[in-house]
Amino acid sequence: MNETIKYTVFKTQWGYFGLLANEKGVIRACLPCTDRKTVEKNLLGGLEGAEFDKNLLKALQGKIIAYFEGSGVKFDSHLALDNLPTFTKKVLDACQRIPAGKTITYSELAAMIGNPRASRAVGNALAKNPIPLVIPCHRVIRTDGSIGNFSAPGGSSTKKKLLALESKR
DNA sequence: GTCCCGTCCTGTC
DNA sequence: GACAGGACGGGAC
């Protein structure tokens, strides 16, 4: 494999945010962290040969920064999800259609992809979401109203903070 | 409120 | 191919 992988780390209101991308689109994202090195480590995760490019996905960077400033933005960047299982791709794709400030439940998301009872499998897929925030997996909550779980650094408290940020608009 | 079983997909053996 | 484990749901108690 000889594809070019680039990454960038930039500052937002919440801390440093990382993006990793190849020619096809975004591969991975890393939620804000106060320490830039931590972000790079989480983002690259042992990957070698990734090239730093501060102008990588400049438009998306701007949107993410605006997002953490509290403005409503729509992430429409191209994402490279080819290496993920079909079901996971479907789940992530459906997840992207959730409008900002709105939340749906795991079972509603399952219904969107034609498997109303696959809520558990949906959670499984979201747990593997490589691109948090851009794929708004934090907008998916449990049917009983509880926040559910979140695999990104910070866990469910990060999820809560993200929802609070969106709902106060 | 807590417990338990059903459900469906992925990763590992 | 089989099995265990999950960001869940819903009914039973």
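Up top you'll find the structure we're talking about.
Attention in this report is confined to the structure presented alongside it. None of the values given here were measured: they were computed from a predicted structure. (Residues numbered from 1 in each chain as written. Chains lettered and ligands numbered in written order. Predicted model: local features only at pLDDT ≥ 70, side-chain atom pairs only at ≥ 80, totals over all residues. Heavy atoms only, no water.)

1. Focus on the protein's contact with DNA strand C
Lining the immediate environment of DNA strand C, one finds 14 residues, of which Arg 120, Leu 126, Ala 127, Thr 143 and Asn 149 sit closest. Between Tyr 106 and DNA strand C, the recorded distance is 2.9 Å, taken from a side-chain N or O atom to a base nitrogen. Between DNA strand C and the protein, one listed contact pairs a base nitrogen with a side-chain N or O atom of Ser 151 at 3.1 Å. Sorting elements by how many residues they give to the surface near DNA strand C places helix H5 (residues 119–127) first, with seven residues. Broken down by class, the residue content of the surface near DNA strand C amounts to six nonpolar, six polar and two charged. (Near = heavy atom within 4 Å. Polar contact = N/O pair within 3.5 Å; in protein donor to acceptor, adjacent residues only side chain to side chain. Helix = DSSP H or I, 4+ residues; strand = E, 2+ residues; numbered from the N terminus. Nonpolar A, V, L, I, M, F, W, Y, C, P; charged D, E, K, R; others polar.)

2. Thoughts on the nonpolar core
Generally speaking, a soluble globular protein has its nonpolar side chains buried in company with each other. Counting 39 residues, the largest nonpolar core has Phe 17, Ile 64, Leu 109, Leu 126 and Leu 133 as the members making the most contacts within it. For this core, the elements supplying multiple residues, two or more each, are strand S2 (15–21), strand S3 (26–33), helix H2 (58–68), helix H3 (86–96), helix H4 (106–112), H5 and helix H6 (155–167). Ranked by the residues each element gives to this core, the list is headed by H2, at five residues. Looking at which domains feed residues into this core, each of domain 1 (6–68) and domain 2 (86–167) supplies at least three. Apart from the residues lying within four places of it in its own chain, the contact partners of Leu 133 are Phe 17, Leu 31, Ile 64, Tyr 67, Phe 68, Phe 75, His 138 and Leu 162. (Core = buried A, V, L, I, M, F, W, Y, C linked by side-chain atoms within 4.5 Å. Buried < 20%, exposed > 50% of the residue type's maximum accessible area, 1.4 Å probe, protein only. Domains from an automatic or database assignment. Contact = heavy atoms within 4.5 Å.)

3. Overview of the protein's contact with DNA strand B
Looking at DNA strand B, the residues that line it are Pro 85, Phe 87, Thr 88, Asn 115, Arg 117, Ala 118, Arg 120, Ala 121, Asn 124 and Lys 128. Backbone atoms, meaning sugar and phosphate, make up 79% of the atoms of DNA strand B lying within 4 Å of the protein. Residue Asn 115 places a side-chain N or O atom 3.4 Å away from a phosphate oxygen belonging to DNA strand B. Secondary-structure elements contributing two or more residues to the surface near DNA strand B are H3 and H5. For the surface near DNA strand B, the element with the highest residue contribution is H5, accounting for three residues. Residues of the surface near DNA strand B, tallied by class, amount to four nonpolar, three polar and three charged.

4. A few points about the side chain of Glu 166
Position of Glu 166 among the secondary structure elements: in helix H6. The exposure class of Glu 166 is buried, given its relative accessible area of 4%. Among the polar contacts made by the side chain of Glu 166, one reaches the side chain of Arg 139 at a distance of 2.9 Å. Sequence-distant contacts of Glu 166, defined by excluding residues within four places in its chain, comprise Tyr 67, Ala 100, Gly 101, His 138 and Arg 139.

No statement about biological role is implied by the geometric values presented.
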